[in-house]
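Structural features, examined
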Amino acid sequence: RSSPYMDSNAPGSGGKGGLGSLFGGSEYSNTELAGVPLTGMSPLSPYLNVDPRYLVQDTDEFILPTGAGKTRGRFELAFFTIGGSCITGAAFGTVNGLRMGLKETREMGWTKPRNVQILNMVTRQGASWANTLGSVALLYSIFGVAIEKARGAEDDINTLAAGTLTGMLFKSSGGLKGVARGGLVGLAMSGAYALYSNWDHIRGGSSSSNLY
């Protein structure tokens, strides 16, 4: 009479006996293990066999809200614009204040009063330029968001209009001439920015037209 442990691998046994059943576990038969790669002596779960093609991400790895675009809107960019303008103004004012301080105190020796005067000039110029550029960026962002909401579209017209209105309002204390001058400066700067933003598109259109 043969032992049940000897027949655990028999074709009709189903692989449910053996030492695995003795400890409460279960074993797989040769039929169930067909086509399943083995690592050493342990069978690898078929659920771990993933086609590598499914791991390649051809699309973006983030989920956008319904109706949202892949680029940031003016409201999201407003915070970056204002903060970046303040930092740029502070850096430029610091350098300008240091230059002015060294120029005005060049006849003084390297004493404590000269250091204090230079430090005051640096602080004053840095704060002044940061306030100026930050105010301009704030006005530009407000006009840009308002025009975008009013028109319901985002294009270069919003950029040109926001730049022109910003220049006009910023120089409104100078009378009609100041308003006109500020509007022209704002229009020129916003036009240059729009041209820079669409430069690749313009070059692509001109190169494709040359092919024909």
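These numbers were taken from a predicted model, which means no experiment stands behind them.

**Focus: the UniProt feature "transmembrane region" (unreviewed entry) in the protein chain**
Annotation from UniProt places "transmembrane region" (unreviewed entry) at residues 77-98. As a span, residues 77-98 carries 100% helix and 0% strand, and end to end its C-alpha atoms are 31 Å apart.

**What to know about the packing of aromatic side chains**
The description of two aromatic rings rests on the distance between their centres and on the angle between their planes. Tallied over the entire structure, the rule returns 2 aromatic pairs. Geometrically, the ring pair formed by Phe75 and Phe79 is edge-to-face, given 5.4 Å between the ring centres and 85 degrees between the ring planes. Note that Phe75 and Phe79 are positioned in helix α2 (residues 74-104) at a spacing of 4 residues, about one turn of the helix. Each of the two residues, Phe75 as well as Phe79, counts as exposed. Ring geometry for Phe92 against Trp129: centres 4.7 Å apart, planes inclined by 80 degrees, an arrangement best described as edge-to-face. One end of the pair, Phe92, is in helix α2; the other, Trp129, is in helix α3 (residues 112-151), and 37 residues separate them in sequence. Judged by relative accessible area, which is 44%, Phe92 ranks as partly exposed.

What counts and how
- Residues numbered from 1 in each chain as written.
- Predicted model: local features only at pLDDT ≥ 70, side-chain atom pairs only at ≥ 80, totals over all residues.
- Heavy atoms only, no water.
- UniProt positions renumbered as here; feature names shortened; annotations may be inferred.
- Helix = DSSP H or I, 4+ residues; strand = E, 2+ residues; numbered from the N terminus.
- Phe/Tyr/Trp six-rings, centres within 6.5 Å; stacked < 30°, edge-to-face > 60°.
- Buried < 20%, exposed > 50% of the residue type's maximum accessible area, 1.4 Å probe, protein only.

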